[in-house]
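Chains, contacts and geometry: an overview
Single-letter residue listing:
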Amino acid sequence: ADTTMKHAEAILARLYPIEQAIMQTRARTITGLGVKARRAAYVMSQYWEEPIGQIDWEAQAVRLLIEAVCDVARTVSPFRTVSDGE
């Protein structure tokens, strides 16, 4: 288990500069905006742990905004499920 955790931490450390670049680069296209929305979804993944009706209003607003951007960008929100109204 300790080896698995160290491996996961090493992967996350390598991804960090890419994640920073995604968020610091201006989105100039709908596709770019979709990439940012997917990254934001991962950062705020706790907002998908419960059904939308069971999370507070602020979490609902963020979740719905991210999903709307993904829809417009024609990309899949990483945590959306069929039960989310699709």
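Note that the coordinates shown come from a computational prediction; the quantities given were computed from them, not determined experimentally. (Residues numbered from 1 in each chain as written. Predicted model: local features only at pLDDT ≥ 70, side-chain atom pairs only at ≥ 80, totals over all residues. Heavy atoms only, no water.)

**Things to note about the packing of helix α1 (residues 2–24) against helix α2 (residues 30–43)**
For the pair α1 and α2, the least separation of the axes is 9 Å and the interaxial angle reads 125 degrees. In terms of orientation, α1 lies oblique with respect to α2. Where α1 crosses over α2, the two elements pack in a sense that is left-handed. When α1 is examined against α2, the residues Glu19, Ile22, Met23 and Gln24 are found in contact with a partner set consisting of Val35, Lys36 and Arg39. (Axes fitted to C-alpha atoms, helices over the stretch in contact; angles between N-to-C directions. Helix = DSSP H or I, 4+ residues; strand = E, 2+ residues; numbered from the N terminus. Parallel < 35°, antiparallel > 145°, perpendicular 65-115°, else oblique. Left-handed = near helix turned anticlockwise from the far one by under 90°. Contact = heavy atoms within 4.5 Å.)

**Some points on the environment of valine 69**
Looking at the secondary structure, you find valine 69 in helix α3 (residues 57–72). Note on valine 69: relative accessible area 18%, which makes it buried. A C-alpha to C-alpha distance of 6.5 Å links valine 69 and alanine 37, two positions 32 residues apart in sequence. Apart from residues no more than four positions distant in its own chain, valine 69 is found in contact with Leu33, Gly34 and Ala37. (Buried < 20%, exposed > 50% of the residue type's maximum accessible area, 1.4 Å probe, protein only.)

**Comments concerning unusual backbone geometry**
Phi at arginine 74 is positive, roughly 55 degrees, even though this residue is not glycine. Position of arginine 74 relative to the elements: it lies in the segment after α3.

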